[in-house]
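# Examining the three-dimensional arrangement
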Amino acid sequence: MNRLRHIGLRVLNVLPILFLVSVLAFLLGALTPGDPVDQFALRFTPQQLDELRATYGLDRPLWEQYFVWLKNLAADGGGLSLTLGTPVFDILVPPFLNTLILTAAGTVVCLVFGTLIGAVAGIWHGTWADRAVMLVAQIGSNLSVYWFGLVLISVFALQLGWLPVGGMQSRGGGGFGDLLQHLVLPAISAALISMLVLARFVRIGIVRETGSDYVRTFRSQGLPQRKIYGKNVFRNILPSLVNITGLEIGTLITGVFFVEIVFNWPGIGTQLVNAVNGKDYPVIQGGIVLVALCYLLVNLVTDVIVDALDPRLRGV
């Protein structure tokens, strides 16, 4: 019962943030200089332009426009796109699912290799392996994801020919194996920064735990290193690992936008770039809310999982 109450409080804490995001997303379009309907002046008559403004509530006071937009967001598929005339969520949801696929692949790369790199540095703390890993992490964390993606394309797609240059599937379509091939390079590119951040936290956690009294006691008793790290050290750093991973998933959701452009991935980032170029404010606003909602849900689920792994945090 206490756990359900705790989850309920977490959900209630999300609602004000979501409201603030909706206000900011609305104001981003409403306060942008110029009338978004003016771009159709050469195609529509003045009367048709006025009707279009009325459809989107642009002829009303600002506060009324917000509630019209909020109603469209909640009940009418996000309203209608200015350029395509179709419901915003009909436009955004399919590419957003593609973005989630790329984010999931980046999360797997981040979690597997970030944990592995951090474990190597932490277990062999103070050795040449630790210093080499941390040097690579320091250099890699300062690289541009956009530039790193171009390097991956140049080496593994253009020069070696091992993997596709971009896109989500081969011409004519393909199965799951084809999708995996197209995922490799963008997933690695998207996961780079988050993977190295995670590696640092894993290293710090292992170094902290191995310096504790219980580890020294186990070593003095002759307990194998495999059991010390597997059953104790990694189990104790697991809540922190889940927490950092949740935060990095949120970072990946926003960070993959640049990766989608480099690899021509048909995700929401590409769709939003097209909306910005076309001054399609309903699509831009809907995209911001959709991404923010996903980010908040990821953090909410992360909090619940961390709470289940470490009940001591329930009272924090």
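Just so it is clear, the model here is predicted, and its values are computed rather than measured.

Our focus in this paragraph is the overall build of the protein chain. The helix and strand inventory of the protein chain stands at 11 helices and 0 strands. Along the protein chain, from the amino end to the carboxyl end, the secondary structure elements read α-α-α-α-α-α-α-α-α-α-α. Put simply, 72% of the contacts in the protein chain that link residues at least 6 apart link residues at least 24 apart. Here the protein chain displays about 17200 Å² of accessible surface, and carbon together with sulfur accounts for 67% of that area.

Looking now at the packing of aromatic side chains. This structure, assessed with the given rule, holds 4 aromatic pairs. Between F19 and Y66 the ring centres are 6.5 Å apart and the planes differ by 90°, which places this aromatic pair in the edge-to-face class. Of this pair, F19 sits in helix α1 (residues 2-30) while Y66 sits in helix α3 (residues 62-75), and the two are 47 residues apart along the sequence. Put simply, the rings of F19, F26, Y66 and F67 pair up and form one aromatic cluster.

Here we take up the side chain of N98. The topology assignment puts N98 in helix α4 (residues 88-123). Among all residues touching N98, those that are not within four sequence positions of it are M168, W265, P266 and G267.

Moving on: the side chain of T107. Here T107 is to be found in helix α4. Among the polar contacts made by the side chain of T107, one reaches the main-chain carbonyl oxygen of T103 at a distance of 2.8 Å. Ignoring anything within four residues of it in the chain, the contact list for T107 reads T245, I249 and L252.

Quick look at the environment of T270 now. Locating T270 in the fold gives a position in helix α10 (residues 268-277). Spatially, the C-alpha atom of T270 lies 6.5 Å from that of E260, the residues being 10 residues apart in sequence. Once you skip the residues sitting within four places of it in the chain, T270 turns out to touch E260 and W265.

The next point concerns helix α5 (residues 128-140). Helix length check: α5 (13 residues) gives 18 Å between terminal C-alpha atoms against 18 Å at 1.5 Å per residue, within 8%. For α5, the set of buried residues is A129, D130, V133, M134, A137 and G140. One side of α5 carries all its buried residues, which in axial view fall inside an arc of 130°. In α5, the exposed positions angled more than 90 degrees off the buried face are occupied by W128, R131, L135 and I139. At its buried positions, α5 is contacted by α4 and α7 (176-210).

Below, the discussion takes up the confidence of the model for the protein chain. Looking at the protein chain, pLDDT values average 79 and 87% of them are 70 or higher. Mean pLDDT values for the elements of the protein chain range from 71 in helix α2 (residues 46-55) up to 88 in α4.

Once that is clear, we can look at the nonpolar core. L92, L102, I206, I268 and V283 are the most contacted members of the largest nonpolar core, which has 57 residues in total. The set of elements that each furnish at least two residues to this core consists of α4, α5, α6 (145-159), α7, α9 (225-263), α10 and α11 (281-309). The leading source of residues in this core is α9, at 13 residues. In this structure I268 touches L92, P95, F96, T99, F257, E260, G287, L290 and V291, once residues within four positions along its chain are discounted. Counting 6 residues, the second-largest nonpolar core is a separate cluster that includes A25, F26, W69 and V289.

Here we take up unusual backbone geometry. Located in the positive-phi region is N264, a residue other than glycine, with phi close to 55°. We classify N264 as exposed; its relative accessible area is 56%.

Moving on to the packing of α5 against α7. Remark: α5 packs on α7, axes separated minimally by 9 Å, with the N-to-C direction vectors making an angle of 145°. Every pair of crossing elements has a handedness; the one defined by α5 and α7 is left-handed. Here D130, M134, V136, A137, Q138 and G140 of α5 lie close against α7, whose contacting residues are L192, I193, L196, R200 and R203. Among the residues forming the contact of α5 with α7, the class breakdown is 6 nonpolar, 2 polar and 3 charged.

Attention shifts here to α6. Taking 1.5 Å of rise per residue, the 15 residues of α6 would be expected to cover 21 Å, and the 20 Å separating its terminal C-alpha atoms lies within 8% of that figure. The sharpest bend along α6 comes to roughly 25°, located at I153. Looking only at α6, the buried set comprises V145, F148, G149, L152, I153 and A157. Immediately beyond the C-terminal end of α6, within one or two residues, lies G161, with a positive phi of roughly 70°.

This paragraph deals with the packing of α6 against α7. Relative orientation of the contacting elements α6 and α7 amounts to 145°, with a least axis distance of 9 Å. Handedness of the crossing formed by α6 with α7: right-handed. Contacts from V145, F148, G149, L152, I153, F156 and A157 of α6 reach α7 at L185, I188, S189, L192 and I193. Here the contact of α6 with α7 is composed, by residue class, of 10 nonpolar, 2 polar and no charged.

Here is what the cut-offs are and how they apply
Residues numbered from 1 in each chain as written. Predicted model: local features only at pLDDT ≥ 70, side-chain atom pairs only at ≥ 80, totals over all residues. Heavy atoms only, no water. Helix = DSSP H or I, 4+ residues; strand = E, 2+ residues; numbered from the N terminus. Contact = heavy atoms within 4.5 Å. Areas by Shrake-Rupley, 256 points an atom, 1.4 Å probe, with all protein chains shown as cover. Phe/Tyr/Trp six-rings, centres within 6.5 Å; stacked < 30°, edge-to-face > 60°. Polar contact = N/O pair within 3.5 Å; in protein donor to acceptor, adjacent residues only side chain to side chain. Expected span 1.5 Å × (residues − 1). Buried < 20%, exposed > 50% of the residue type's maximum accessible area, 1.4 Å probe, protein only. Arc of directions from axis to C-beta. pLDDT = per-residue confidence, 0-100. Core = buried A, V, L, I, M, F, W, Y, C linked by side-chain atoms within 4.5 Å. Axes fitted to C-alpha atoms, helices over the stretch in contact; angles between N-to-C directions. Left-handed = near helix turned anticlockwise from the far one by under 90°. Nonpolar A, V, L, I, M, F, W, Y, C, P; charged D, E, K, R; others polar. Bend = angle between axes of the 7 residues up to and from the residue.

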